[in-house]
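Now for the letters of each chain:
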Amino acid sequence: MKTAIVTGGASGIGLAVAERLRSQGYSVGTIDLTSTGDDPLAQAADVTDRAQVDTAFAAIREALGPITILVNAAGVDGFQKFTRLGFDEWYKVIDVNLNGVFHTIQAALPDMLEAQWGRIVNISSSSAHSGQPYMAHYVSAKSAVNGLTKSLALELGPQGITVNAVPPGFVDTPMLRTAEGRKLLGGTVEEHIQRTPVRRVGRPEDIAAACAFLISEDAGYITGQILGVNGGRNT
Ligand code: NAD
């Protein structure tokens, strides 16, 4: 059975992806800044730190074998008026959301190239489609992740590796509720539901279902795609 690593696997969407893949029989290791304890399958690492990423991959590889599936869900949001956005704040959001994806894909590729089979799914954001005021750094990073996805799909397709992105709309996770609590969403989640065609907020399981499909054998002819999971908010 194939082995997956899910980043951001301690919370929200990453947690739901890890649970979904385990329920389907995949062997799954997670990497998250907030992981604690000695479980070799739940590695504590900062995706912006290449040495930490390499160490975490090595530990999961030792426990489970070669890694041929990677879902990048680790991320941080950010809200700041552009005229007040300092470079440090800009860089931190770019570092986690974009550079983190660079590091984990590079760490995962040797096993995928060896196997001549691989699946990479990057969780970007519907804001990359629509733009979002006060989130220039976040939207820039997530847009770049979509671009990285398309480029790597072309580069890695001949080696049997597919690369796709899932940009969620509003998904009910700690990240969303924290932003709501700070009045940063331009309305409550309930108000956004009324503007969402399917009239509900997204669930982490909705994103996990899309990821489960994209990593399946059935999705082998799908690569370089940006599969919106947003209840129809962006079409
Ligand atoms: P979340 O805050 O519940 O989970 C994110 C996880 O990433 C956390 O466990 C956190 O510890 C981890 N993380 C953050 N920085 C890290 C780092 N440097 N190294 C390792 N781990 C790190 O948020 P979520 O809503 O589940 O978000 C998951 C992904 O989905 C993120 O990339 C986010 O940008 C994206 N997203 C979420 C929504 C939404 O509405 N919730 C919408 C669009 C995109």
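About the cut-offs
- Residue numbers run consecutively from 1 along every chain, following the written order of its sequence.
- In keeping with the predicted nature of the model, local features appear solely for residues at pLDDT of at least 70, side-chain atom pairs appear and are counted solely at 80 or more, and the whole-chain, interface and lining totals rest on all residues.
- To obtain the side-chain values, all non-hydrogen atoms of the structure were included, while hydrogens and water were left out.
- For helices the rule is a DSSP run of H or I covering at least 4 residues; for strands it is a run of E covering at least 2, with both sets numbered from the N terminus onward.
- Definition used for salt bridges: Asp or Glu carboxyl oxygen within 4 Å of a side-chain nitrogen of Lys or Arg.
- Per-residue accessibility, obtained with a 1.4 Å probe over protein chains only, is compared with the maximum for each type, and a residue is labelled buried under 20%, exposed over 50%, and partly exposed between these values.
- Here, residues are in contact when the closest pair of their heavy atoms is within 4.5 Å.
- Near is defined per residue: the residue qualifies when any heavy atom it owns lies within 4 Å of the molecule or strand.
- Any pair of nitrogen or oxygen atoms within 3.5 Å is treated as a polar contact; in protein, a donor-acceptor pairing is required on top of that, and neighbouring residues in sequence qualify only through side-chain atoms on both sides.
- Values of accessible area rely on a 1.4 Å probe in the Shrake-Rupley scheme; residue burial ignores everything except the protein chains shown.
- Gly falls in the polar group here, along with every residue not listed as nonpolar (Ala, Val, Leu, Ile, Met, Phe, Trp, Tyr, Cys, Pro) or charged (Asp, Glu, Lys, Arg).
- Paired strands, in this sense, are two strands between which DSSP finds at least two bridges.
- Interaxial angles span 0 to 180 degrees and are taken between N-to-C directions of axes, which are lines fitted to C-alpha atoms, for helices over the stretch in contact.
- Any pair of Phe, Tyr and Trp rings, taking the six-membered ring for Trp, is counted once the centres come within 6.5 Å. Such a pair is stacked with planes under 30 degrees apart, edge-to-face with planes over 60 apart, and tilted for the rest.
- Whether a charge sits over a ring depends on NZ of Lys or CZ of Arg being within 6 Å of the ring centre and within 35 degrees of the ring normal.
- We call a set of buried residues a nonpolar core when its members are Ala, Val, Leu, Ile, Met, Phe, Trp, Tyr or Cys and they connect through side-chain atoms within 4.5 Å of each other.
- A clockwise path from the first strand over the helix to the second, with the strands pointing away from the viewer, defines a right-handed crossover.

Some details on unusual backbone geometry
In step 1: Although it is not a glycine, Q116 sits at a positive phi angle of roughly 50 degrees.
In step 2: Note on placement: Q116 falls in the loop between helix 3 (87–115) and strand 5 (118–123).
In step 3: Positioned with a positive phi, Y134 is a non-glycine residue whose angle comes to about 70 degrees.
In step 4: For Y134, the position within the fold is in the loop between helix 4 (127–130) and helix 5 (136–156).

What to know about the pattern of salt bridges
In step 1: Taken as a whole, this structure holds six salt bridges when the rule is applied.
In step 2: Here D111 makes a salt bridge to R61, at a shortest N to O gap of 2.7 Å. In this pair, D111 sits in helix 3 while R61 sits in helix 2 (residues 50–64), placing the two residues 50 residues apart along the sequence.
In step 3: Judged by relative accessible area, R61 falls into the partly exposed class, the value being 26%.
In step 4: Through salt bridges that share partners, D172, R177 and E180 make up one connected network.

So, the environment of P174
In step 1: Locating P174 in the fold gives a position in helix 6 (residues 174–181).
In step 2: For the pair P174 and G12, spaced 162 residues apart in sequence, the C-alpha to C-alpha distance is 6.5 Å.
In step 3: If sequence neighbours within four positions are ignored, P174 has contacts with S11 and G12.

Some remarks on the site of the ligand
In step 1: With respect to spatial proximity, 28 residues lie near the ligand, and among them S11, I13, D32, Y138 and T173 are the closest.
In step 2: With respect to the ligand, the side chain of D46 contributes an N or O atom lying 2.9 Å from a nitrogen atom.
In step 3: Take G169: an N or O atom from its main chain is 3.3 Å from an oxygen atom of the ligand.
In step 4: About the coverage of the ligand: the protein hides 92% of its 820 Å² of free accessible area.
In step 5: When contributions to the shell around the ligand are tallied by element, the ones reaching two or more residues are helix 1 (12–23), helix 5 and helix 6.
In step 6: Looking at which element gives the most residues to the shell around the ligand, the answer is helix 6, with three residues.
In step 7: Grouping the constituent residues of the shell around the ligand by class yields 16 nonpolar, nine polar and three charged.

Concerning the sheet that holds strand 2 (residues 27–32)
In step 1: One open sheet accounts for six strands, arranged 3-2-1-4-5-6; its pairing is parallel. Each edge of the sheet is formed by a strand with only one pairing partner; in this case those strands are strand 3 (42–44) and strand 6 (161–166). The mean inter-strand angle of the sheet, taken between neighbouring strand axes irrespective of direction, is 15 degrees.
In step 2: In this sheet, strand 2 lies alongside strand 1 (residues 3–7) in parallel orientation, the contact comprising five bridges. Bridging across to strand 2, V6 finds its partner in T30.

Describing the packing of aromatic side chains
In step 1: One pass over the full model with this rule turns up one aromatic pair.
In step 2: Directly above the ring of W117 sits K2, whose terminal nitrogen or CZ lies 4.1 Å from the centroid.

Some details on the nonpolar core
Soluble globular proteins tend to pack their nonpolar side chains together in the buried interior.
In step 1: Counting residues in each nonpolar core, the largest one holds 28 residues, and the members touching the most others are I31, F57, L70 and I120.
In step 2: Only helix 2, helix 3, helix 5 and strand 6 provide two or more residues apiece to this core.
In step 3: Residues contacting I120, with those up to four places away along its chain left out, are L70, I105, L109, M112, I161, T162, V163 and N164.
In step 4: With 24 residues, the next largest nonpolar core counts L21, Y26, A73 and W117 among its residues.

Topic: the pairing of strand 2
In step 1: In terms of burial, strand 2 is a largely internal element, five of the six residues being buried.
In step 2: Regarding topology, helix 1 serves as the crossover connection from strand 1 to the parallel strand 2, and that connection is right-handed.
In step 3: Bridge count for strand 2 against strand 3 is three bridges, and the pairing is parallel. Directly across from T30, in strand 3, lies its bridge partner A42.

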